[in-house]
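The primary structure of each chain is shown beneath.
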Amino acid sequence: MKQTDSLSPPPASFADRLGIPAPLFWGFVGLLFFMIGDGVEAGYLAPYLEGHGTSAGNTALLFTIYGVTVSISAWLSGPLSDLWGPKRVMWIGLAIWAVFEVIFLACGVAVNSYPIMLLAYSLRGLGYPLFTYGFLVWIAAATPPRQLGSAAGWFWFAFSGGLPTLGSLFASFAIPVIGEMATFWSSLGMVVFGGLLALLLTREPTGSQRLAAPGTPAKEIFFSSISILWREPKTFVAMVVRTINTSSEYAFLVIMPTFFTKVIGFTLSQWLQLLSIVFLSNILVNLFSGISADKFGHREVVAFGGGIGAAIMVPAFYYVPQMFPGNFMIAAIVGALYGASLAAFVPLSGLVPQICPKEKAAALSALGLGAGASTWVGPAIVTWFESWHGVEGIIWIFSGLYVASALMTMCLTISPEAHRYLKKISEREKQKRAAAARGDIGEELSLSKQS
């Protein structure tokens, strides 16, 4: 009886049944708490600063420069993970976030010093991408190809579940109880808790190791993360699509608090709750879009659900609430559909490693650069074009960009060579599972080295 049991494949864990790589489970949980902390300020930092004397232009500039440092850091997460290993990169990201948040709040916001706020907030922007996208590289490096799509879905589920969904929801309840400044400080505790949870409890060995081949010079690692944009032009297209994906989200964090409170007539708490509903829809559809991509195709879900869907829902999010002023339910329904359309871009994170399966970290670095760029492109569009036709003009700019993203996405095909490589990896994974079922440790280790 014991012999028969030893030859049976081990039962799938709860995490594996959910589509989460079991060795990385606590990383996903920690990521959620980290991003809740990062998202606490998302819905009310802009109106808070403007209410304490910072001009709208300076507030937009603060978010724009922050976005630039985020995009640089998001790109760095790939080559640094290749060089040092994702786990060390995550530690660095956590430390940067914590140190510069203290400076931002204590020496900037508390005394209303705009230069300190600008410097500290910009440098803090280096922190969260190193933590989050370092973990995304870890996922890509340690997850079998058969599970990569669902793992990417869970990554974005945790990411957007915190920023700004649960973060904004937490702020909406905390502000009336402890005040705005204390709520800012509470975000620091949440980030540190989530970061330590992920880093201390996740012991999967791949993340602690250098991902690049031994002896590869650092300059070659960094150059490959840039050169891949012209060596593999589809990664450049994917980067642009990813930039468009959430650029409207970051623009809306600048312009929509005032729009909904001054034009539509919502209170600040109602706006924060609306923001939470928008991104609650987003995190739920993150998982659904990943599953749908496996069934209907990654490109199709991104192009039609994401690009065309967002091109329709961005104007709807602006015009429909004006047709029903003060009606929270109508605004929530339209906002939820807008959040769902952004979630349909999630399959990009599973598609890009398949386009360049031999350079996953470099390819994801390009995608991270796009994700980071969206954090400054959105506010920059506000800065550059708000004086043109106001909020309405900005809305139509984003709608046009989403149509363009749909057209670009249809160009993201997987080459025959990449198909053959992925098939080889898939066959090797099947052999590893068969070896594990037989209890043949030697063969399993041999196949792992080949992977």
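Everything numeric here is computed off the predicted structure, so don't read it as measured data. (Residues numbered from 1 in each chain as written. Predicted model: local features only at pLDDT ≥ 70, side-chain atom pairs only at ≥ 80, totals over all residues. Heavy atoms only, no water.)

So, the overall build of the chain
Next up, step 1: Secondary structure summary: the chain contains 19 helices and 0 strands in total.
Next up, step 2: Across the chain, contacts joining residues at least 24 apart in sequence account for 83% of those joining residues at least 6 apart.
Next up, step 3: Roughly 18,200 Å² of accessible area belongs to the chain as shown, and the carbon and sulfur atoms make up 69% of that amount. (Helix = DSSP H or I, 4+ residues; strand = E, 2+ residues; numbered from the N terminus. Contact = heavy atoms within 4.5 Å. Areas by Shrake-Rupley, 256 points an atom, 1.4 Å probe, with all protein chains shown as cover.)

Observations concerning a nonpolar patch on the surface
Next up, step 1: Residues Phe-304, Ile-308, Ile-312, Val-403, Leu-407 and Met-410 make up a contiguous nonpolar surface patch of about 560 Å² in total accessible area.
Next up, step 2: Taken together, the elements giving at least two residues each to the nonpolar patch come down to helix H14 (298-323) and helix H17 (360-409).
Next up, step 3: Among the elements that take part in the nonpolar patch, H14 stands out by supplying 3 residues, more than any other.
Next up, step 4: Topologically, Ile-312 is positioned in helix H14.
Next up, step 5: Accessibility expressed as a relative area gives 53% for Ile-312, which makes it exposed. (Patch = residues over 30% accessible without salt bridge, like charges linked within 9 Å, V, L, I, M, F, W, Y side chains within 5 Å. Salt bridge = Lys/Arg side-chain N within 4 Å of Asp/Glu carboxyl O. Buried < 20%, exposed > 50% of the residue type's maximum accessible area, 1.4 Å probe, protein only.)

Structural notes on helix H5 (residues 56-84)
Next up, step 1: If you check H5, its first and last C-alpha atoms are 40 Å apart, about what 29 residues at 1.5 Å a residue would give, namely 42 Å.
Next up, step 2: Maximum bend of H5: about 30°, positioned at Ser-77, with proline Pro-79 one to four residues after it. (Expected span 1.5 Å × (residues − 1). Bend = angle between axes of the 7 residues up to and from the residue.)

Here we look at the side chain of Ser-224
Next up, step 1: With respect to the secondary-structure elements, Ser-224 resides in helix H11 (residues 218-231).
Next up, step 2: Among the residues examined, Ser-224 registers a relative accessible area of 18% and is labelled buried.
Next up, step 3: Apart from the residues lying within four places of it in its own chain, the contact partners of Ser-224 are Arg-231, Glu-359 and Ala-362.

What to know about unusual backbone geometry
Among all residues save glycine, negative phi is the norm, and among peptide bonds the norm is trans.
Next up, step 1: Here the phi dihedral of Asn-112 falls at roughly 60°; this positive angle occurs in a residue that is not glycine.
Next up, step 2: Checked against the element boundaries, Asn-112 lands in the loop between helix H6 (86-109) and helix H7 (114-124).
Next up, step 3: Accessibility expressed as a relative area gives 42% for Asn-112, which makes it partly exposed.

Observations concerning the packing of H14 against H17
Next up, step 1: Taken N-terminus to C-terminus, the directions of H14 and H17 make an angle of 170°; their axes are 8 Å apart at the nearest point. Classed by the angle they form, the pair H14 and H17 counts as roughly antiparallel. Each of Arg-299, Val-302, Ala-303, Gly-307, Ile-308, Ala-310, Ala-311, Val-314, Pro-315, Tyr-318 and Tyr-319 in H14 lies in contact with H17, whose residues at this interface are Val-391, Glu-392, Ile-395, Trp-396, Phe-398, Ser-399, Tyr-402, Val-403, Ser-405, Ala-406 and Thr-409.
Next up, step 2: A class-by-class count of the residues in the contact of H14 with H17 yields 16 nonpolar, 4 polar and 2 charged. (Axes fitted to C-alpha atoms, helices over the stretch in contact; angles between N-to-C directions. Parallel < 35°, antiparallel > 145°, perpendicular 65-115°, else oblique. Nonpolar A, V, L, I, M, F, W, Y, C, P; charged D, E, K, R; others polar.)

Some points on the confidence of the model for the chain
Next up, step 1: Here the chain shows a mean pLDDT of 86. Residues at 70 or above account for 90%.
Next up, step 2: A low-confidence stretch, residues 1-9 (pLDDT under 50), is modelled with 5 contacts involving residues beyond four sequence positions or located in other chains. (pLDDT = per-residue confidence, 0-100.)

So, the nonpolar core
Next up, step 1: One finds Phe-155 and Phe-260 to be the most contacted residues of the largest nonpolar core, which totals 110 residues.
Next up, step 2: When neighbours within four sequence positions are excluded, Phe-260 is seen to be in contact with Gly-265, Phe-266, Trp-271, Leu-274, Phe-317, Pro-321 and Ala-331.
Next up, step 3: By size, the runner-up hydrophobic cluster in this structure holds 5 residues, among which are Trp-75, Leu-229, Ala-366 and Leu-369. (Core = buried A, V, L, I, M, F, W, Y, C linked by side-chain atoms within 4.5 Å.)

Quick word on the side chain of Asn-245
Next up, step 1: Looking at the secondary structure, you find Asn-245 in helix H12 (residues 233-263).
Next up, step 2: Residue classification places Asn-245 among the buried residues on the basis of a relative accessible area of 5%.
Next up, step 3: In terms of polar contacts, Asn-245 uses its side chain to reach the backbone carbonyl oxygen of Leu-342, at 3.3 Å.
Next up, step 4: With near-sequence residues (within four places) excluded, Asn-245 lies in contact with Leu-342, Phe-345 and Tyr-402. (Polar contact = N/O pair within 3.5 Å; in protein donor to acceptor, adjacent residues only side chain to side chain.)

Looking at the environment of Ser-71
Next up, step 1: With respect to the element layout, Ser-71 can be found in helix H5.
Next up, step 2: Taking the C-alpha atoms as reference points, Ser-71 and Ala-371, separated by 300 residues in sequence, lie 6.9 Å from one another.
Next up, step 3: Contact partners of Ser-71, with chain neighbours within four places excluded, come to Leu-369, Gly-372, Ala-373 and Trp-376.
Next up, step 4: Among the polar contacts listed, one links the side chain of Ser-71 to the backbone oxygen of Val-68, at a separation of 2.7 Å.

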